[in-house]
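Structural overview for review
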Amino acid sequence: MNMSASERGTGLVKRGLAEMLKGGVIMDVVNVEQARIAEEAGAVAVMALERVPADIRAHGGVARMADPSIVSQIVDAVSIPVMAKSRIGHFVEAQVLESLGVDYIDESEVLSPVDDNHIDKWNFTVPFVCGAKDLGEALRRIGEGAAMIRTKGEPGTGNVIEAVKHMRMMNKQIRRLTVLDENELMAAAKELQAPFTLVKDIAETGQLPVVNFAAGGIATPADSALMMQLGCDGVFVGSGIFKSGDPAVRARAIVEATTFYQDAAKIAKVSRNLGEAMVGINVETLPPEERMQDRGL
Amino acid sequence: MMIGALALQGDFREHLVMVRRLGAEGIEVRTPEELDSIDALIIPGGESTAIGRLATIYGLIEPIQQRINDGMPVLGTCAGMIFLAAATVSYEQPQLRVLDVVVERNAFGRQVDSFEADLDVCGLDDPVHAVFIRAPWIHKVGAEVDVLASVVEPGSMQEHPVFVRQGRILATSFHPELTDDTRIHELLMEVG
């Protein structure tokens, strides 16, 4: 085959990488050492950051794209895909991350948004993942070109309650579409504030057209298996690993629980003696302005 | 015919959809007991380091090697090809070492270099529409290995195999399971 006839950055190629990550764990890392621990533990990808969400929360102020030198060092250090976060709507941060060779960009509510408009993701060769609390948000992001969706959860809290809510809401709204009469779908699209063609596709297939991971508050192997049993395709673990007492052991345990998510005996086995989990935050105690999930709807 | 897909991580469900479309039974394989019940195995796309590590700690490496050495047909796609191979250029990772090739991981580059294209395959009349995602290619083939398809590297004009067969072992760099084309899966069912 002559490679000049090949096409890059197509929808299939972008969605395809997310398909390969399914059943796996994507771990937040802030340096090369953590990236190597994650790869060694069986992570399917790493998210290169300057600070994990719990520290972004504690630090306050404006949270921006990581320093390119951190991203580049991590890109060079591991063989697995590297993701990085841009601010919502900050298409120049996304251009910079693409130029650094990252494999996926997370247009993320964990950083401070710069625009009510999200990035026009169709303009990029690199694929994007975006957070969603419900089906309407997911379909708006897919309409903008996202090739992968994740729950928003409430990042940096170590509390999985919000991710559970978001996944249940998504499942409920998808199920509802599948039982509607065809001439009820336009009103459903209006209600969801979502593109009609995507609503119509989901009514037929009963599933999102892209991979959907869990994210936001996952701290234990059982949290991960819970999200998998609720129908997620895989999990992101942010602060939960490197803010815990023994990151390498916890990382391996979460990877195993994600593969054997239906096997309670195996989850029990890997959950033994993991050391201290990250200290959690009860989401209801967060003031409204600190709720990251309400950014970028 | 009962076909198993190694379900440690990756796109094993897409493979099972393909084999069910062809009228075979498809099951997810995570344990040596499940491995015993199948007639052929598919090792899916995914991350080869994650699949290799999980296969090692859950005691699957030797049972899979044994079944393949006893003649069970197997198809590996992308990460599956890497896992079947004898060695990997510049990485040390768990591998089955049943397919006599050396693979180069991420040979085409990073995700922005991933692509889809039509690929001519020996023995098939029409080209296969092949999807390459952070794909490996084969750096070196052993004497018993037949090359069924190759790509030509721009610049050096060197040919690199992306679809090979060694007896009942089939391996592709690309992902037939992401398309509607069932011909590669049909080959797996025919070699058995």
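Residues numbered from 1 in each chain as written. Chains lettered and ligands numbered in written order. Predicted model: local features only at pLDDT ≥ 70, side-chain atom pairs only at ≥ 80, totals over all residues. Heavy atoms only, no water.

**Some remarks on the state of the cysteines**
Two cysteines joined by a covalent bond between their sulfur atoms form a disulfide. Residues and elements named next belong to chain A. One pass over the full model with this rule turns up zero disulfides over all chains. Here Cys 130 is not disulfide-linked; the sulfur of Cys 232 is the nearest cysteine sulfur, at 16 Å. Looking at Cys 130, the relative accessible area reads 1%, which means it is buried. (Disulfide = S-S within 2.5 Å. Buried < 20%, exposed > 50% of the residue type's maximum accessible area, 1.4 Å probe, protein only.)

**Overview of helix α5 (residues 91–99) of chain A**
Because an α-helix packs 3.6 residues into every turn, residues spaced three or four apart end up facing the same way. Residues and elements named next belong to chain A. For α5, the set of buried residues is Glu 93, Ala 94 and Leu 97. Buried residues of α5, viewed axially, fall in a sector of 100°; they line one side. The first or second residue beyond α5 is Gly 101, which carries a positive phi of 85°. (Helix = DSSP H or I, 4+ residues; strand = E, 2+ residues; numbered from the N terminus. Arc of directions from axis to C-beta.)

**Digging into the packing of helix α10 (residues 221–229) of chain A against helix α12 (residues 247–259) of chain A**
Residue and element names in this part refer to chain A. For the pair α10 and α12, interaxial distance at closest approach is 8 Å and the crossing angle is 25°. Relative to α12, the element α10 lies roughly parallel. Regarding α10 and α12, the two cross each other, and that crossing is right-handed. Between α10, through Pro 221, Ser 224, Ala 225 and Met 228, and α12, the contact on the second element is made entirely by Ala 253, Ile 254, Ala 257 and Thr 258. Looking at the contact of α10 with α12, its residues break down into six nonpolar, two polar and no charged. (Axes fitted to C-alpha atoms, helices over the stretch in contact; angles between N-to-C directions. Parallel < 35°, antiparallel > 145°, perpendicular 65-115°, else oblique. Left-handed = near helix turned anticlockwise from the far one by under 90°. Contact = heavy atoms within 4.5 Å. Nonpolar A, V, L, I, M, F, W, Y, C, P; charged D, E, K, R; others polar.)

**Some points on the side chain of Arg 57 of chain A**
All names here are of chain A. Within the secondary structure, Arg 57 is located in helix α3 (residues 53–59). When its relative accessible area of 16% is taken as the criterion, Arg 57 is described as buried. In terms of polar contacts, Arg 57 uses its side chain to reach the side chain of Glu 154, at 2.5 Å. Among the polar contacts listed, one links the side chain of Arg 57 to the backbone oxygen of Pro 155, at a separation of 2.7 Å. Not counting the four nearest positions on each side in its chain, Arg 57 is found in contact with Glu 154, Pro 155, Gly 156, Thr 157, Ile 281, Leu 286, Glu 290 and Met 292. (Polar contact = N/O pair within 3.5 Å; in protein donor to acceptor, adjacent residues only side chain to side chain.)

**Comments concerning the confidence of the model for chain B**
Overall, the predicted model of chain B reaches an average pLDDT of 97, with 100% of residues at or above 70. Confidence estimates for the predicted assembly give a pTM of 0.97 and an ipTM of 0.96. (pLDDT = per-residue confidence, 0-100.)

**Notes on the layout of surface pockets**
Considered as a void within the structure, the largest pocket measures approximately 980 Å³ in volume. Taken together, 31 residues make up the lining of the largest pocket; nearest its centre are Glu 19, Gln 207, Leu 208 and Pro 209 of chain A together with Glu 14 of chain B. Within the residue set of the lining of the largest pocket, elements represented by two or more residues are α1 (11–21), α7 (161–179), α9 (196–205) and β8 (211–213) of chain A together with α1 (12–21) of chain B. Per-class residue counts for the lining of the largest pocket are twelve nonpolar, eight polar and eleven charged. (1 Å grid on protein atoms, 1.4 Å probe; cavity = no way out; pocket = protein on both sides within 12 Å on 5 of 7 lines; lining within 4 Å. Points joined across faces, edges and corners; volume = space filled by probe spheres on them.)

**Observations concerning the packing of aromatic side chains**
Across all of its chains, the model carries nine aromatic pairs over all chains by this definition. Directly above the aromatic system of Phe 260 of chain A lies the positively charged group of Lys 266 of chain A, at a separation of 4.6 Å from the ring centroid. The ring of Tyr 91 of chain B has Arg 105 of chain B lying over it, and the distance from NZ or CZ to the ring centre is 4.8 Å. (Phe/Tyr/Trp six-rings, centres within 6.5 Å; stacked < 30°, edge-to-face > 60°. Lys NZ or Arg CZ within 6 Å of the ring centre and 35° of its normal.)

**A look at the side chain of Gln 173 of chain A**
All names here are of chain A. Tracing the sequence through the fold places Gln 173 in helix α7. For Gln 173, a relative accessible area of 19% gives the class buried. In contact with Gln 173, not counting residues within four places along its chain, are Asp 134, Leu 135, Gly 136 and Leu 192.

**A closer look at α1 of chain B**
Residues and elements named next belong to chain B. Of all the positions in α1, only Phe 12, His 15, Leu 16, Met 18 and Val 19 are classed as buried. Summarising the axial view, the buried residues of α1 lie within an arc of 155°, below the 170-degree limit, and thus occupy one face. Directly after α1, the chain includes Gly 23, whose backbone phi takes a positive value near 90°.

**Remarks on the interface of chain B and chain A**
Counting from both sides, the interface comprises 42 residues of chain B and, opposite them, 44 residues of chain A. Taken together, both faces of the contact between chain B and chain A bury some 3600 Å²; the carbon and sulfur share is 59%. Here chain B is connected to chain A by five salt bridges. Notably, a salt bridge pairs Asp 103 of chain A with Arg 134 of chain B, separated by 3.0 Å at the nearest N-O pair. Going through the elements one at a time, α1, α3 (48–57), β7 (115–119), β8 (128–132) and β10 (146–152) of chain B are the ones with two or more residues in the side of chain B that touches chain A. (Buried area = accessible area lost by both parts, 1.4 Å probe. Salt bridge = Lys/Arg side-chain N within 4 Å of Asp/Glu carboxyl O.)

**Some details on the environment of Ala 171 of chain B**
All names here are of chain B. Turning to its location among the elements, Ala 171 is positioned in strand β12 (residues 169–172). With 97 residues separating them along the chain, Ala 171 and Val 74 place their C-alpha atoms 8.2 Å apart. Among all residues touching Ala 171, those that are not within four sequence positions of it are Gly 76, Met 81, Leu 84, Leu 99, Val 162, Phe 163 and Val 164.

**Quick look at the pattern of salt bridges**
Within the structure shown, the criterion is met by 26 salt bridges over all chains. Where Asp 55 of chain A meets Lys 243 of chain A, a salt bridge forms, and the shortest distance between an N and an O atom there is 2.9 Å. A residue pair is termed long-range when its members are at least 10 positions apart, and Asp 55 of chain A in helix α3 and Lys 243 of chain A in the loop between α11 (239–242) and α12 qualify at 188 residues. Of the residues examined, Lys 243 of chain A reaches a relative accessible area of 37% and is grouped as partly exposed. The salt bridge partner of Asp 103 of chain A is Arg 110 of chain B, with a shortest N-O separation of 2.6 Å. On the criterion of chain membership, the pair formed by Asp 103 of chain A in the loop between α5 and β5 (104–108) and Arg 110 of chain B in the loop between β6 (99–104) and β7 is interchain, its members lying in two chains. The exposure class assigned to Asp 103 of chain A is buried, which follows from its relative accessible area of 0%.

**A short note on the sheet that holds β12 of chain B**
Residue and element names in this part refer to chain B. Read across the open sheet, the seven strands follow the order β2-β1-β3-β4-β12-β11-β10; overall the sheet is mixed. With partners counted over all chains shown, the strands left at the sheet margins are β2 (25–29) and β10, one partner each. Going across the sheet, the axis of each strand differs from the next one's by a mean of 20°, ignoring polarity. (Pairing = 2+ DSSP bridges.)

**A short note on empty space enclosed by the protein**
This model, assessed by the stated rule, comprises three cavities of 30 Å³ or more. In this model, the largest cavity occupies a volume close to 200 Å³. In terms of lining residues, the largest cavity is bounded by 23 residues, among which Asp 28, Pro 53, Pro 155, Gly 216 and Gly 238 of chain A are the most central. Broken down by secondary-structure element, the contributors of at least two residues to the lining of the largest cavity are β9 (235–237) and α11 of chain A. Taken together, Leu 17 and Met 20 of chain A together with Gly 46, Glu 47, Ser 48, Cys 78, Ala 79, Ile 82, Arg 105, Asn 106, Ile 133 and Arg 134 of chain B make up the lining of the second largest cavity.

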